[in-house]
Amino acid sequence: VQLQACGGGLVQAGGSLRLSCAASGRTFSRYAMGWFRQAPGKEREFVAAISGLGGSTLYADSVKGRFTISRDNAKNTVYLQMNSLKPEDTAVYYCAADQSLQSLRALKYDYWGQGTEVTVSS
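Quick caveat: nothing in here was measured; it's all calculated off a predicted structure. (Residues numbered from 1 in each chain as written. Predicted model: local features only at pLDDT ≥ 70, side-chain atom pairs only at ≥ 80, totals over all residues. Heavy atoms only, no water.)

Participant: Tell me what's going on with unusual backbone geometry, and back it up with residues and numbers.
Facilitator: You will see that Asn-76, though not glycine, has its phi angle at about 55°, which is positive. In this structure, Asn-76 sits in the loop between β7 (67-72) and β8 (77-82). The class for Asn-76 is buried, based on a relative accessible area of 15%. Its identity as a non-glycine residue notwithstanding, Tyr-109 has a phi of 70°, on the positive side. (Helix = DSSP H or I, 4+ residues; strand = E, 2+ residues; numbered from the N terminus. Buried < 20%, exposed > 50% of the residue type's maximum accessible area, 1.4 Å probe, protein only.)

Quick look at the structure:
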């Protein structure tokens, strides 16, 4: 599967952005999807994940209550709604797909998209 992320940009602290990740292929619902981010000089970190049919989600503590992951399998797209953005959310955000059917905490992610940059100004 090929993944294409978009929706990044520059936003002031407290603002919102919605990232999208479009996937190729006909079996999108078989893939759990995740969002990761990498800030300058830091390691990539997990942000959120969602199961293939959307029934289960998982969030990093740092974004819980502010970010929402969702998916539209008819459109082969996963979203990350980011509200109450903080300067520390500044990073390149990546979407990823996993077809292992494991629990969201155990996913290793087989496919990665290119990143989309999010900058939050204070």
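Participant: Talk me through the state of the cysteines; I want residue IDs and the actual numbers.
Facilitator: Any covalent bond linking the sulfur atoms of two cysteines counts as a disulfide. Going through the model one piece at a time under the given rule, you end up with one disulfide. Lacking any disulfide linkage, Cys-6 is separated from the closest cysteine sulfur, that of Cys-21, by 8.4 Å. Residue classification places Cys-6 among the partly exposed residues on the basis of a relative accessible area of 42%. (Disulfide = S-S within 2.5 Å.)

Participant: Describe the packing of aromatic side chains, with residues and values.
Facilitator: Scanning the model with the defined rule gives five aromatic pairs in all. Where Phe-36 meets Tyr-109, the ring centres are 5.0 Å apart and the plane angle is 85°; that geometry is what we call edge-to-face. On the criterion of sequence distance, the pair formed by Phe-36 in strand β4 (residues 32-38) and Tyr-109 in the loop between β9 (91-98) and β10 (111-112) is long-range, its members being 73 residues apart. Under the relative-accessibility criterion, Tyr-109 is labelled buried at 8%. The aromatic ring of Phe-36 is capped on one face by Arg-44, whose charged end is 5.9 Å from the ring centroid. Stacked on the ring of Trp-112, the Lys or Arg Arg-44 has its end atom at 3.8 Å from the ring centre. (Phe/Tyr/Trp six-rings, centres within 6.5 Å; stacked < 30°, edge-to-face > 60°. Lys NZ or Arg CZ within 6 Å of the ring centre and 35° of its normal.)

Participant: Account for the sheet that holds strand β1 (residues 3-6), with residues named and values stated.
Facilitator: With antiparallel pairing, four strands are arranged side by side in an open sheet as β1-β3-β8-β7. Unpaired on one side and paired on the other, β1 and β7 mark the two borders of the sheet. This sheet shows a mean twist of 15° between the axes of neighbouring strands, independent of strand direction. By the bridge criterion, four bridges tie β1 to strand β3 (residues 17-23) in an arrangement that is antiparallel. Looking across to β3, one finds that Ala-5 is bridged to Cys-21. (Pairing = 2+ DSSP bridges. Axes fitted to C-alpha atoms, helices over the stretch in contact; angles between N-to-C directions.)

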